[in-house]
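Breakdown of the fold
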Amino acid sequence: MRFARLVALLAGPLTALGFQAPASVTLGTVVGRVIEVSSSESDKGVRKALVILKRGQEPGIGVYSDDKGNYRLQAEPGAYSVTVEGDGYVVSSHSQPKTIVVQGRQTLSDVNLELIRTGAISGRIVDHDGDPMPRVSVELRSVRERKPPSLSALTDDRGVYRIYQIPPGKYYLSAVYQPAYQVREIQMQASDGASEEGYATTYYPGTFDFTQARSIDIPVGADLAGVDLQLQRVHAVHIRGRVSGIAAPLGVVMVVVQPQGSGFGTMRDLLVRNPNREFDLSGIPPGKYELSASAFDLTNRGAGPSAHQIIEVGQTDVEGIELTLVAPQAIKGLVVVPEGRKIPQGLLVMLSNRARNNGQAGGLGQVGSDGAFTLDAVAAGDYDIALGSTGPGDDLYVSAIRRDDEDVLAHGLHVNGSVNEAIEIALKANGGMVKVVARTPKGEPFPEANVTLLPDQPRREQVALYGNCVTDASGACTLRGITPGEYHALAVSKDSGIDFRDPNITKEFEKQTKAVKVAEGDLQSVEIEVVRDDQ
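Remember, predicted model here, so these are calculated numbers, not experimental data.

**Quick look at the side chain of S142**
- Counting through the fold element by element, S142 comes out in strand 12 (residues 137-142).
- Discounting residues that sit within four places of it in the chain, S142 has contacts with K170 and Y171.

**Observations concerning the packing of aromatic side chains**
- The final tally for this structure, using the stated rule, is 1 aromatic pair.
- When the ring of Y177 is compared with that of Y199, the centres are 5.6 Å apart and the planes differ by 80 degrees; the resulting orientation is edge-to-face. Linking Y177 in the loop between strand 15 (169-176) and helix 2 (180-183) with Y199 in strand 16 (residues 197-199), this pair joins segments that are 22 residues apart in sequence.
- Judged by relative accessible area, which is 17%, Y177 ranks as buried.

**With respect to the sheet that holds strand 8 (residues 98-102)**
- In spatial order, the strands read 4-3-6-8; together these 4 strands make up an open sheet with antiparallel pairing. The outermost strands of the open sheet, each flanked by one partner alone, are strand 4 (61-64) and strand 8. On average, each strand axis in the sheet is inclined to that of its neighbour by 30 degrees, with strand direction left out of account.
- Two elements, strand 3 (residues 50-54) and strand 4, share 4 bridges in a ladder whose sense is antiparallel. Residue pairing across strands places V51 opposite V63, the latter belonging to strand 4.

**Concerning a nonpolar patch on the surface**
- On the surface, V252, L271 and F296 cluster together to form a nonpolar patch covering roughly 250 Å² of accessible area.
- Topologically, F296 is positioned in strand 26 (residues 287-297).

**Details of the confidence of the model for the protein chain**
- Of all residues in the protein chain, 81% have pLDDT values of 70 or greater, and the mean over the chain is 83.
- Confidence, read as mean pLDDT per element, is least for helix 1 (residues 6-9) in the protein chain (35) and greatest for strand 11 (residues 119-126) (97).
- Taken together, the stretch residues 1-18 has pLDDT below 50 and engages in 36 contacts with residues farther than four places along the chain or on a different chain.

**Some details on the state of the cysteines**
- Considering all chains together, one arrives at 1 disulfide under this definition.
- What pairs with C469 in a disulfide is C477, and their sulfur atoms sit 2.1 Å apart.

**Quick notes on the pattern of salt bridges**
- Applying the stated rule across the entire model yields 16 salt bridges.
- Between R47 and D67 there is a salt bridge whose closest N-O contact spans 3.4 Å. A residue pair is termed long-range when its members are at least 10 positions apart, and R47 in the loop between strand 2 (44-45) and strand 3 and D67 in the loop between strand 4 and strand 5 (70-75) qualify at 20 residues.
- Judged by relative accessible area, R47 falls into the partly exposed class, the value being 47%.
- R403 is the salt-bridge partner of E406, the closest N and O atoms lying 3.2 Å from each other.
- One continuous salt-bridge network, built from bridges that share partners, spans R240, D280, D317 and E319.

**A short note on the nonpolar core**
- Of all hydrophobic cores here, the largest spans 44 residues; its most connected members are V335, I385, I401, I425 and V434.
- Ignoring sequence-local partners within four residues, the contact set of I401 consists of I385, E406, D407, V408, L409, I423, E424, I425 and A464.

Rules and cut-offs
Residues numbered from 1 in each chain as written. Predicted model: local features only at pLDDT ≥ 70, side-chain atom pairs only at ≥ 80, totals over all residues. Heavy atoms only, no water. Helix = DSSP H or I, 4+ residues; strand = E, 2+ residues; numbered from the N terminus. Contact = heavy atoms within 4.5 Å. Phe/Tyr/Trp six-rings, centres within 6.5 Å; stacked < 30°, edge-to-face > 60°. Buried < 20%, exposed > 50% of the residue type's maximum accessible area, 1.4 Å probe, protein only. Pairing = 2+ DSSP bridges. Axes fitted to C-alpha atoms, helices over the stretch in contact; angles between N-to-C directions. Patch = residues over 30% accessible without salt bridge, like charges linked within 9 Å, V, L, I, M, F, W, Y side chains within 5 Å. Areas by Shrake-Rupley, 256 points an atom, 1.4 Å probe, with all protein chains shown as cover. Salt bridge = Lys/Arg side-chain N within 4 Å of Asp/Glu carboxyl O. pLDDT = per-residue confidence, 0-100. Disulfide = S-S within 2.5 Å. Core = buried A, V, L, I, M, F, W, Y, C linked by side-chain atoms within 4.5 Å.

Below, the structure written as structure tokens:
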């Protein structure tokens, strides 16, 4: 990242990142220091850190810090956001967002910025015989994040991997091996009548079951070595089936299978080339999978029909799967409010993918004054429904979400075909209210913290009951329209797409949550300490 900006920076700080002040403008000066926090040396400066001033949508102004971490920038008068980045560092999670006001002919001093050193992890991956395994994908995922892992490495010819630039925190580690013959779609034959075998995704410290995985704590600047895994062969089977519902001019069709739930493991995909639209995925270990098919719309140059199915793989081949492609469909529904009440201003209906390893949104619809809403072009899949608002909020709360006899609130919305039945979202009045104050470990207010109110079991899967708010400058925010029941409140320093339905993730936060019991018309107040990224 730094190299890409080097050419611009060679011209000096004023021309860095595309900024050049007119000759008639009187500039102000910003002076400060980039400091490494959690260092054994107090007040240690960070050299070669890139400090950037940015005003609105204008190009930024940047300069590198010197050997002692000092920097100096000149800029036109105005309000700027200040950010910093450096190789081997991330922004400290307890650093507050910094905004400054530059004035002409004046020097703004002590605009100090904090960075925290990242860590690394390394080890060796061997097979069931103890031989090194090259080309194994080793992945780290934060215990908090729902999105797929972004920290990964491939093992070399010695079976050795190393992942670096890791922000401090707790992570799950997994290893998955996909043989070259699977990539090239070669159907392997078992020798001497032996059953087909494959390598299942293995989680640290050596289990196939993600619920038994153990998290790894990576402290600030740590370089953890010797984190090894041995992969074991398991019985593997074929998934065979056929894609139907295809009509010209749909051409390219892709079938994808990936483990359900954990978000780990390399997905397998296959282009359907057979004229009968048949597919055969081999080397699939036992487990629960998401199987999907999608076609590219050559006419509209975009996503076309798709199909989605959850399958359980055991000890025998899975045969006769029929994936019937259906076009993205419109989902219609109605929000029903108590007699005498109006639809809240700015009310939105939101779809989110129910699969824990799929953070892709499903749709967003504005609720009209009559309560009607439409979610356009929803692809096949399983979704959760929740309400959001661009307005101030009120005391109305979700009491039920149904489609005919289906309890959508509890079990989600399944989309895989032509559905004419409307969804009904029932709201009731006199919901609870929870005022939350987020604080630092020193008891100071923490602005811009993300607060989540989590419904206790057995309602944890009911996403529409969750409450979310962001704290203001005083560290406070208020949740309105809370469905009566028992909850736990949690505050984190930034939103990282945490999926609190995942029990492996939830157990990492148990000690940082505060219990809250909400009754109709009730007002509760709670103070909580913000969980930082490096905890």
